[in-house]
Amino acid sequence: MNRTTTRSAEASASHPARHLAVETPVGRYLIAARRTADGDAVTGVWREAQAHFPRAERLGPHVTGKDPLLEEASQQLLDFLAGTRTVFDVPLRLEGTAFQCSVWEQLRRIPFGDTTTYGSLARQIGSPRAAQAVGAAVGANPISILVPCHRVVAADGSLTGYAGGIGTKEALLRIEGVLGA
């Protein structure tokens, strides 16, 4: 499993971000990273124009030269979408509130090819009545796919809300074999 650290977005503002765009079978994604005292880490993976798309300062400038971390994260994303990768091992930095980070860390524990519900996530973080707040945190996940928010479904198993669109969520779950071809 990859190294993950959490901290507030404000605390990271002094370390500028940068990003790389990657064309994928499910749309264009922007992957952002930031260098910190702990090392270089991916801080965001967003489908272009998705809900909760970040402001320009969170993305930082577009990388024009070599960037080993962003290139590796891009390749791992493409490998996942091609069905040849089931886990990611690039370093991640989750930036949000303590509640959001606890939800996102729980998302990382959902195995490839499995799903869970918002209510189950709420119980797992010790807040059984917070399914709606968990849903909001899942929707605000800044590192889509690598932190697998697409693996969360409604209590009845239906596909609900996904910042990158329900069609993208369905495609990701098909790649993982959760939904039929």
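As the structure is a prediction and not an experimental result, all values here were calculated from the model.

1. Thoughts on the state of the cysteines
Working step 1: Applying the stated criterion across every chain yields a total of zero disulfides.
Working step 2: Cys 101 provides the cysteine sulfur closest to Cys 149, a residue in no disulfide bond, and the two sulfurs are 14 Å apart.
Working step 3: Overall, the relative accessible area of 6% leaves Cys 149 in the buried class.

2. Some details on the nonpolar core
Nonpolar side chains in soluble globular proteins tend to be buried together.
Working step 1: Ranked by internal contacts, the top residues of the largest apolar core, which has 38 residues, are Val 42, Leu 77, Leu 107 and Val 138.
Working step 2: For this core, the secondary structure elements donating two or more residues are β2 (17–24), β3 (27–36), β4 (39–47), α3 (68–81), β5 (92–95), α4 (98–107), α5 (118–124) and α6 (131–139).
Working step 3: Residue contributions to this core peak at six residues, all from α3.

3. Side note on the pattern of salt bridges
Working step 1: Summed over all chains, the structure comprises ten salt bridges.
Working step 2: For Arg 34, the salt bridge goes to Glu 95, with nearest N and O atoms at 3.2 Å. Taken as a pair, Arg 34 in strand β3 and Glu 95 in strand β5 lie far apart in primary sequence, 61 residues in all. As far as burial versus exposure is concerned, Arg 34 and Glu 95 are alike and both buried.

4. Concerning α6
Working step 1: Looking only at α6, the buried set comprises Val 134, Ala 137 and Val 138. Within α6, the buried residues cover an arc of 100° as seen down the axis, which keeps them to one side. Turned more than 90 degrees off the buried face of α6, the exposed positions are Gln 132 and Ala 136.
Working step 2: On the buried face of α6, the contacting elements are α4, α5 and β7 (152–153).

5. A short note on the confidence of the model for the chain
Working step 1: On average, residues of the chain carry a pLDDT of 88, and 91% of them reach 70 or more.
Working step 2: Per-element mean pLDDT across the chain ranges from 44 in helix α1 (residues 9–12) up to 97 in α3.
Working step 3: Below pLDDT 50 for its whole length, residues 5–12 participates in 21 contacts with residues either more than four positions away or in separate chains.

6. A short note on the packing of α4 against α6
Working step 1: Where α4 meets α6, the closest approach of the two axes is 9 Å, and the angle between their N-to-C directions is 75°. As judged from the angle between their axes, α4 and α6 are roughly perpendicular. Mapping the contact onto sequence places Phe 99, Gln 100, Val 103, Trp 104 and Leu 107 in α4 and Ala 133, Val 134, Ala 137 and Val 138 in α6.
Working step 2: Residue composition of the contact of α4 with α6, grouped by class: eight nonpolar, one polar and no charged.

7. Side note on the side chain of Arg 151
Working step 1: Looking at the element boundaries, Arg 151 is found in the loop between α6 and β7.
Working step 2: We classify Arg 151 as buried; its relative accessible area is 5%.
Working step 3: Polar side-chain contacts of Arg 151 include one of 2.6 Å to the backbone oxygen of Ile 110.
Working step 4: Apart from the residues within four sequence positions on either side, Arg 151 is in contact with Phe 80, Thr 86, Ile 110, Pro 111, Phe 112, Asp 114, Thr 115, Thr 116, Leu 173 and Glu 176.

8. Some details on the environment of Gly 164
Working step 1: Among the secondary structure elements, Gly 164 is positioned in the loop between β7 and α7 (166–175).
Working step 2: Its relative accessible area of 9% is what places Gly 164 among the buried residues.
Working step 3: Along the chain, Gly 164 and Asp 114 lie 50 residues apart, while their C-alpha atoms are 19 Å from each other.
Working step 4: With sequence-adjacent residues up to four places away left out, Gly 164 is seen in contact with Arg 47 and Gln 50.

What counts, and at which threshold
- Here the residue numbers are simple positions, counted from 1 along each chain's written sequence.
- The model is predicted, so local features are restricted to residues of pLDDT at least 70 and side-chain atom pairs to those at 80 or more, both for listing and for counting; the totals for chains, interfaces and linings are taken over all residues.
- Side-chain numbers come from the whole structure's heavy atoms, not from hydrogens or water.
- What counts as a disulfide here is a pair of cysteine sulfur atoms lying within 2.5 Å.
- Working definition: with a 1.4 Å probe on protein chains only, accessible area under 20% of the residue-type maximum means buried, over 50% means exposed, and in between means partly exposed.
- Throughout this description, the term nonpolar core refers to a set of buried Ala, Val, Leu, Ile, Met, Phe, Trp, Tyr and Cys residues connected via side-chain atoms within 4.5 Å.
- Elements are defined by DSSP. Helices are runs of H or I of four residues or more, strands are runs of E of two residues or more, and each kind is numbered from the N terminus.
- Here, a salt bridge means any Lys or Arg side-chain nitrogen found within 4 Å of an Asp or Glu carboxyl oxygen.
- Think of the arc as the fan of directions from the helix axis to the C-beta atoms.
- Residue contacts follow a heavy-atom distance rule, with two residues in contact if any of their heavy atoms lie within 4.5 Å.
- The predictor rates its confidence in each residue with pLDDT, a number between 0 and 100.
- Here an angle of 0 to 180 degrees is reported between the N-to-C directions of two axes, which are lines fitted to C-alpha atoms, with helices fitted over the stretch in contact.
- Each angle is binned into one of four classes, with values under 35 degrees roughly parallel, values over 145 roughly antiparallel, values of 65 to 115 roughly perpendicular, and all other values oblique.
- Gly counts as polar in this scheme, as do all residues outside two lists: the nonpolar Ala, Val, Leu, Ile, Met, Phe, Trp, Tyr, Cys and Pro, and the charged Asp, Glu, Lys and Arg.
- For the purposes of these results, a polar contact is taken to be a pair of N or O atoms within 3.5 Å, where, inside protein, one atom must be able to donate a hydrogen and its partner to accept one; residues adjacent in sequence count only when each atom of the pair is a side-chain atom.

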